[in-house]
Amino acid sequence: MKKKYILSFTQDSVDKPITYDLIKKFDIKINIIKANISADEAGHLLVEMDADRESMERCFKYLENNNVEYVPAEKRIIFDQEQCINCGSCTAVCFAEALTLDQESKELIFSPGKCVFCKLCTKACPLGLFEIHFNE
Amino acid sequence: MSAKTIQEINEKIKSGKSVVLTAEEVSEIGKDKTAAEIAKQVDIVTTATFGPMCSSGVFMNFGHSDPPIRMQEVSLNNVPAYAGLAAVDVYLGATETDPENPRYGGAHVIQELIEGKAVHLKAKSTGTDCYPRKSVETSITKDSINELYMYNPRNAYQNYPVATNTTERTIYTYMGNLLPNMSNATYSTSGELSPLLNDPAMETIGIGTKIFLGGTVGFVSWQGTQFHTTKPKNEFGIPVENAATLALIGNLKEMSSEFIQAAYYEQYGVSIFIGLGIPIPIVNDEIARAVMIRNEQIETTICDYGTNGHPSIGKTNYKELQSGSIEIDGKKVRTAPMSSLPKARKIANTLKQWIDNNQFTLSKPVQSFPKNTSLNSLSDEGDK
């Protein structure tokens, strides 16, 4: 199963080769989408991980033991879709195609799993309905 | 050639025999029918749009305090309102902003008033013999004040250019966020559903036309500002740039925030989405032909908003725009609307329902709009 996670590293885990271990030890296919180390040396990594269930569970255990927090990326995306007026402005900037318009109804289709955390939608929405938290 | 009068159409509405279609429905049905057939079968076509329209606002009268005040400096939720009118009359423009919060403005105050929320009023004056009070501070709602009516100097633009950006940096505009190197293009009309694209010569729409405005009945009060009737037209009589406009009026107290929505465009400012619908009486074959217009026949100009003067860099049509991408100079460019087609469809269907239920009859314009108009421009004294 393929799924995006945000991994948050504390100061003492930032310099460990965690990603290398995930690949070598647990045979996880990793696609790094976004990475950041902030001024206080806490690190954040947006990755898409692909592995069987068992490997994923072992991987999560390993992350816990190494003080790396993991959260499904979708949980860091807040979109108040109930307020959406389907103007379509956000679809102008969403190149990951997490925000598209239905060809017939022209209503917004939101696929949070496709989001790459570029945050362009937060500026494009005239109603300010998006909040995306990567490293905050 | 079949011809009907508006009076005959209204009688059909009253007897429950009128045939009403939305502009999208008539475009679809019209594919394999002649204008004469449509004129015979259809009585009314409903058109609609729901897009950001900056030139909007509301007039209001607060009522007099005791002792009374001649308001000179007025704010509502800290958004300044224009008070250069009689003592307690003001005009609140949709794009006016709270000096301490550029993301909050007149549009938001208007939406809160519609929703019945309390709004904080502050007013100051130098005081006169007949209006001695020098300040007032209180909270108002739509029910606590007297008149509260929307007056929009310019809405319902007949067509509008597509915006793109050929420069190397993102630009933030009223047409949305335009990414560098023509990575996207935005457009803002509801195409074949748009009011003034269904009666491009404005044969049935004029001063006094009764319309749907913000969820209630409103009226066309005048030609809108920047009313331009001599822009280049295509073979279907459609101006291929922004052309005619309408000034609209309606009772804000009866409106719904389902059809009026405050907005903020990044680094541009506050604006407001206005839901409006106009019924077009099919009085003759010519009007029938006009309402049968399809998205592929409605062309518009592509403009480069990254370059001064927004020069034209191509042409497209609404079928292509609504498909999600267009081609400019051989490059495939993603397109996105600025106005909501689902909302416009809802408005066209609501208006259709009002007519079907005999809750709305049509009006003949009291006066037609001027013909052969064009626009003046403004030059600064320092410009050459």
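Residues numbered from 1 in each chain as written. Chains lettered and ligands numbered in written order. Predicted model: local features only at pLDDT ≥ 70, side-chain atom pairs only at ≥ 80, totals over all residues. Heavy atoms only, no water.

Engineer: Summarise the nonpolar core; cite the residues concerned and give the values.
Structural biologist: Phe117 of chain A together with Phe273, Ile282, Tyr305, Ile355 and Leu362 of chain B are the most contacted members of the largest nonpolar core, which has 68 residues in total. Take this core: its biggest share by element is 7 residues, from helix α8 (residues 341-356) of chain B. There are two domains that each give this core at least three residues, and those are domain 1 (2-75) and domain 2 (76-132) of chain A. Phe62, Leu76, Ala123 and Met150 of chain B belong to the second largest nonpolar core, which has 53 residues in total. (Core = buried A, V, L, I, M, F, W, Y, C linked by side-chain atoms within 4.5 Å. Buried < 20%, exposed > 50% of the residue type's maximum accessible area, 1.4 Å probe, protein only. Helix = DSSP H or I, 4+ residues; strand = E, 2+ residues; numbered from the N terminus. Domains from an automatic or database assignment.)

Engineer: Mind laying out the layout of surface pockets, listing which residues take part and the relevant values?
Structural biologist: All names here are of chain B. Space inside the largest pocket adds up to approximately 830 Å³. Residue lining of the largest pocket: 33 residues in total, with Tyr157, Tyr160, Pro161, Tyr174 and Asn242 positioned closest to the centre. Elements with a minimum of two residues in the lining of the largest pocket: β2 (44-52), β11 (148-155) and β21 (299-304). With 3 residues, the single largest contributor to the lining of the largest pocket is β2. Each residue belonging to the lining of the largest pocket can be placed in one class, and the counts come to 14 nonpolar, 16 polar and 3 charged. (1 Å grid on protein atoms, 1.4 Å probe; cavity = no way out; pocket = protein on both sides within 12 Å on 5 of 7 lines; lining within 4 Å. Points joined across faces, edges and corners; volume = space filled by probe spheres on them. Nonpolar A, V, L, I, M, F, W, Y, C, P; charged D, E, K, R; others polar.)

Engineer: How would you sum up a negative patch on the surface? Please name residues and give values.
Structural biologist: A contiguous patch of negative charge, built from Asp12, Asp15, Asp40 and Glu41 of chain A, is present on the exposed surface. Relative to the helices and strands, Glu41 of chain A resides in the loop between β2 (29-37) and β3 (43-50). (Patch = residues over 30% accessible without salt bridge, like charges linked within 9 Å, V, L, I, M, F, W, Y side chains within 5 Å. Areas by Shrake-Rupley, 256 points an atom, 1.4 Å probe, with all protein chains shown as cover. Salt bridge = Lys/Arg side-chain N within 4 Å of Asp/Glu carboxyl O. Lys, Arg positive; Asp, Glu negative; His and termini not counted. Charge placed at Lys NZ, Arg CZ, Asp CG, Glu CD.)

Engineer: Let's hear about the domain arrangement of chain A: which residues, and what values?
Structural biologist: Quoted interface sizes are often the accessible area lost when the parts come together. Residues and elements named next belong to chain A. The domains assigned to chain A are domain 1 (2-75) and domain 2 (76-132). Each of domain 1 and domain 2 has a C-alpha centre, and these two points are 26 Å apart. Facing the 11 residues of domain 1 at the interface are 8 residues of domain 2. Buried surface at the junction of domain 1 and domain 2, summed over both partners, amounts to about 820 Å²; 51% is from carbon and sulfur atoms. One can count 0 salt bridges joining domain 1 with domain 2. Linking domain 1 with domain 2 are 5 residue pairs in polar contact (both at pLDDT 80 or more). Of all elements in the fold, only β1 (2-9), β2 and β4 (68-72) reach the threshold of two or more residues within the side of domain 1 that touches domain 2. Looking at the side of domain 1 that touches domain 2, the element that brings in the most residues is β1, giving 3 residues. Of the residues contributing to the side of domain 1 that touches domain 2, the split by class is 6 nonpolar, 1 polar and 4 charged. (Contact = heavy atoms within 4.5 Å. Buried area = accessible area lost by both parts, 1.4 Å probe. Polar contact = N/O pair within 3.5 Å; in protein donor to acceptor, adjacent residues only side chain to side chain.)

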